[in-house]
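# Structural characterization, general
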Amino acid sequence: MSRSIVRQSKFRHVFGQPVKTEQGYDDIRVSKVTWDSSFCAVNPKFLAVIVESSGGGAFLVLPLSKMGRLDKNHPLVTGHAGPVLDIDWCPHNDNILASGSEDCTAMVWQFPDQMGTRPISEPIVVLEGHSKRVGIITWHPTTRNILLTAGSDNLIIIWNVGTGEPLITMDDHPDLIYNVCWNRNGSLFCTTCKDRRLRVCDPRKREVVAERMAPHEGIRPMRAIFTRDGNLFTTGFTRMSQRELGLWDPTNFEEPIALLELDTSNGVLLPYYDPDTNMVYLCGKGDSSIRYFEITDEPPYVHYLSTFSSKEPQRGMGFMPKRGVDVSKCEIARLYKLHDKKCEPIAMTVPRKSDLFQDDLYPDTAGPDPALEPEEWLEGRDEDPILQSMRDGYVPPKSRELKVAKKNVLDSRPTTRRSMSSCDGSTNLPVSHCLSECLSVCLNVSLLQINQLPNTPPPAEL
């Protein structure tokens with residue numbers, strides 16, 4: 001007597017549920033730029049969306065609580081001179097976001113909890129080092145103020161945002177870079193490239209430590225991400241233009257751990273990974289569905305779970321960090337689907353009858369505190385993310401202001417002659433000191449003019 005064996009998993013019955021219409025974000029003109037980016041970034045405080053704008057690039061930053069129809073007077077972030085291509089929130093400060101643009105620069109912005117009414121055009125730091133457009137932005141997962149940018153000049157630059165200086169530059173890619181992803185502790189990152197190679201790079205050694213030619217045989221763009229176990233999950237195309245996913249061991253690139261064909265479509269599959277549940281969500285641009293899989297140690301290693309389908313195609317997608325989900329509703333992930341004129345949150349939920357906190361669904365997750373400082377990371381130290389419990393839900397961390405301390409300012413900038421330089425605002429002198437110095441200068445000039453008058457005799461007495 002044969003009996004079918006069903007694989008045991010907590011996530012077999014995960015289902016997606018869009019929020020009610022009034023809990024979405026309407027009247028958002030999503031960007032139409034032709035770039036395979038998600039166009040959306042979200043954290044427990046804010047939603048950021050790249051939008052259409054004239055006269056340069058712009059993106060929109062909304063507090064998550066500001067749902068419904070967008071106010072026409074809501075300010076845009078308009079500092080870039082060209083279309084914005086990618087945005088990413090800092091994992092260690094929910095008020096800081098980085099953006100990359102066609103104007104060859106990356107910018108770092110800091111937003112107050114209460115947004116004003118005027119357009120925001122002044123970033124806290126501008127990162128200039130690329131000669132072509134900057135299409136990829138990603139923060140280091142465990143180290144404070146470390147940002148990676150990749151551009152169409154095939155360069156990867158790692159910056160210290162706290163000083164505004166480039167720390168590491170890598171030029172190992174001969175063609176356009178499709179995507180970059182750090183591993184869990186930030187010691188390595190993986191890249192996919194137009195030359196059809198998958199690379200694993202060690203930034204501090206400035207070298208490629210592993211490489212695989214054509215993990216997917218098609219010539220269409222690929223994507224790759226690190227899993228929590230150090231393996232690589234990839235999406236790409238077969239030679240017959242069928243979409244495909246793969247799981248690879250970077251220490252042995254000869255054969256894939258798993259390789260699975262999906263369907264025939266043109267949209268690039270963007271993977272979003274949750275290391276706590278070991279689940280990956282695949283969102284194709286132009287698709288109207290979200291597929292999700294679970295990665296395990298048992299064959300076939302990548303297990304299909306289910307598909308969330310809707311009527312409208314997606315223009316982009318945002319993925320909420322785990323510390324921002326609603327634990328009271330057994331929500332294990334939340335995605336923000338971009339339509340042409342709106343953004344729709346989609347909650348991924350595990351059905352449970354109890355209202356109590358579910359320990360098995362919510363292990364400790366990566367918190368907002370950095371584990372390392374930039375100097376420690378450069379010296380070769382590696383630390384896993386500092387974890388926090390999710391039992392109490394989302395607790396806003398204390399807001400910290402990013403202070404940019406430029407090093408060697410006089411060496412890096414040409415000197416300019418300014419009148420009354422002692423009263424320049426950049427010298428950090430008090431106003432009273434400047435006024436007293438100005439008065440003393442005026443008094444000295446007056447005395448000098450008096451001393452230079454010719455000696456005239458006093459008037460004769462009448």
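Residues numbered from 1 in each chain as written. Predicted model: local features only at pLDDT ≥ 70, side-chain atom pairs only at ≥ 80, totals over all residues. Heavy atoms only, no water.

With that settled, consider the packing of aromatic side chains. Centre distance and the angle of the planes are the two values used to describe a pair of aromatic rings. Under the definition given, this model contains 12 aromatic pairs. A centroid spacing of 5.5 Å and a plane angle of 65° characterise the contact between Phe293 and Tyr304, whose relative ring orientation is edge-to-face. Pair noted here: Phe293 is in strand β25 (residues 289-295) and Tyr304 is in strand β26 (residues 302-309), with a separation of 11 residues, a long-range link. On the basis of relative accessible area, Phe293 is assigned to the buried category, the value being 1%. You can call Tyr304 partly exposed: its relative accessible area is 47%. A network of ring pairs unites the aromatic residues Phe46, Phe59, Trp89, Trp109 and Phe111 as a single cluster. Its end group placed over the ring of Phe237, Arg220 keeps NZ or CZ at 4.8 Å from the ring centre. The cationic tip of Lys285 hangs over the ring face of Phe39; the distance from NZ or CZ to the ring centre is 3.8 Å. (Phe/Tyr/Trp six-rings, centres within 6.5 Å; stacked < 30°, edge-to-face > 60°. Helix = DSSP H or I, 4+ residues; strand = E, 2+ residues; numbered from the N terminus. Buried < 20%, exposed > 50% of the residue type's maximum accessible area, 1.4 Å probe, protein only. Lys NZ or Arg CZ within 6 Å of the ring centre and 35° of its normal.)

Take the side chain of Thr138 next. Inspection of the secondary structure puts Thr138 in strand β11 (residues 134-139). Residue contacts for Thr138: discarding those within four places in its chain leaves Asp88, Leu147, Leu148, Val180 and Trp182. (Contact = heavy atoms within 4.5 Å.)

Mean pLDDT over the chain: 87, with 86% of residues reaching 70 or higher. Residue range residues 408-435 is modelled with pLDDT below 50. Its contacts to residues more than four positions away, or to other chains, number 11 contacts. Throughout residues 447-462 the model reports pLDDT below 50, and contacts reaching past four residues in sequence, or to other chains, amount to 0 contacts. (pLDDT = per-residue confidence, 0-100.)

As a further point, take the nonpolar core. Grouped together as the largest cluster of nonpolar side chains are 38 residues, with contacts concentrated most on Ile28, Leu47, Phe59, Val61, Phe111 and Tyr336. Those elements that place two or more of their residues in this core are β3 (40-42), β4 (46-51), β5 (58-63), β7 (84-89), β9 (105-110) and β28 (331-338). Here this core takes 6 residues from β4, the largest share from any one element. Setting aside residues up to four positions removed in sequence, Phe59 forms contacts with Val49, Ile50, Val51, Leu76, Val77, Val84, Ile87, Leu97, Ser99, Trp109 and Phe111. Phe11, Cys283, Ile332 and Phe357 belong to the second largest nonpolar core, which has 27 residues in total. (Core = buried A, V, L, I, M, F, W, Y, C linked by side-chain atoms within 4.5 Å.)

This next bit is on the environment of Pro221. Among the structural elements, Pro221 can be located in the loop between β18 (207-213) and β19 (223-226). The buried category is assigned to Pro221, whose relative accessible area is 14%. Other than its neighbours up to four places away in sequence, Pro221 contacts Asp36, Tyr178, Thr235, Gly236, Phe237 and Val268.

So, on to the layout of surface pockets. Considered as a void within the structure, the second largest pocket measures approximately 540 Å³ in volume. In terms of lining residues, the second largest pocket is bounded by 20 residues, among which Val19, Asp326, Lys329, Glu331 and Arg334 are the most central. Secondary structure elements with two or more residues in the lining of the second largest pocket: β1 (15-18), β28 and β29 (342-349). A per-class count over the lining of the second largest pocket returns 10 nonpolar, 5 polar and 5 charged. (1 Å grid on protein atoms, 1.4 Å probe; cavity = no way out; pocket = protein on both sides within 12 Å on 5 of 7 lines; lining within 4 Å. Points joined across faces, edges and corners; volume = space filled by probe spheres on them. Nonpolar A, V, L, I, M, F, W, Y, C, P; charged D, E, K, R; others polar.)

With that settled, consider the UniProt feature "repeat: WD" (unreviewed entry) in the chain. Mapped onto the present numbering, the UniProt feature "repeat: WD" (unreviewed entry) falls at residues 77-110 and 127-169. The straight-line gap between the two end C-alpha atoms of residues 77-110 is 11 Å; of that span, 0% is helix and 53% is strand. (UniProt positions renumbered as here; feature names shortened; annotations may be inferred.)

This part takes up the sheet that holds strand β22 (residues 258-264). Hydrogen bonds along the backbone pair up the strands of a sheet, which may run parallel or antiparallel. Sheet architecture is open: 4 strands sit in the order β19-β20-β21-β22, paired in antiparallel fashion. Because the sheet does not close on itself, it has two edges, and the strands there are β19 and β22. With strand direction ignored, the average angle separating the axes of adjacent strands in the sheet is 15°. Two strands pair when backbone bridges link them, and β19 and strand β20 (residues 232-237) are joined in this way by 4 bridges, in the antiparallel orientation. Directly across from Arg223, in β20, lies its bridge partner Thr235. (Pairing = 2+ DSSP bridges. Axes fitted to C-alpha atoms, helices over the stretch in contact; angles between N-to-C directions.)

Next up on the list: the pattern of salt bridges. Under the criterion given, the structure shown has 22 salt bridges. Across the pair Arg144 and Glu373 runs a salt bridge, and its minimum N-O distance is 3.0 Å. Of this pair, Arg144 sits in the loop between β11 and β12 (146-151) while Glu373 sits in the loop between β30 (365-366) and α1 (374-378), and the two are 229 residues apart along the sequence. For Arg144, a relative accessible area of 27% puts it in the partly exposed group. Between Arg381 and Glu376 there is a salt bridge, and its shortest N-O distance comes to 3.1 Å. The class for Glu376 is partly exposed, based on a relative accessible area of 27%. Residues joined in a network through salt bridges with shared partners are Asp195, Arg197, Arg199 and Glu211. (Salt bridge = Lys/Arg side-chain N within 4 Å of Asp/Glu carboxyl O.)

Across the 6 residues that make up strand β8 (residues 96-101), a large majority, 6, are buried. By the alternation rule, side chains of β8 split into Ile96, Ala98 and Gly100 and Leu97, Ser99 and Ser101, which are all buried. Summarising the sheet, β7 and β8 pair through 5 bridges and their orientation is antiparallel. If you follow Asp86 over to β8, its bridge partner there is Gly100. Connecting β7 to the antiparallel partner β8 that follows it, the hairpin turn spans 6 residues. Sheet analysis places β8 next to β9, joined by 5 bridges and oriented antiparallel. Within β9, the position partnered with Ile96 by the bridge is Gln110. The turn joining β8 and β9, which pair antiparallel and follow one another in sequence, is formed by 3 residues; a positive phi near 75° is taken by Cys104.

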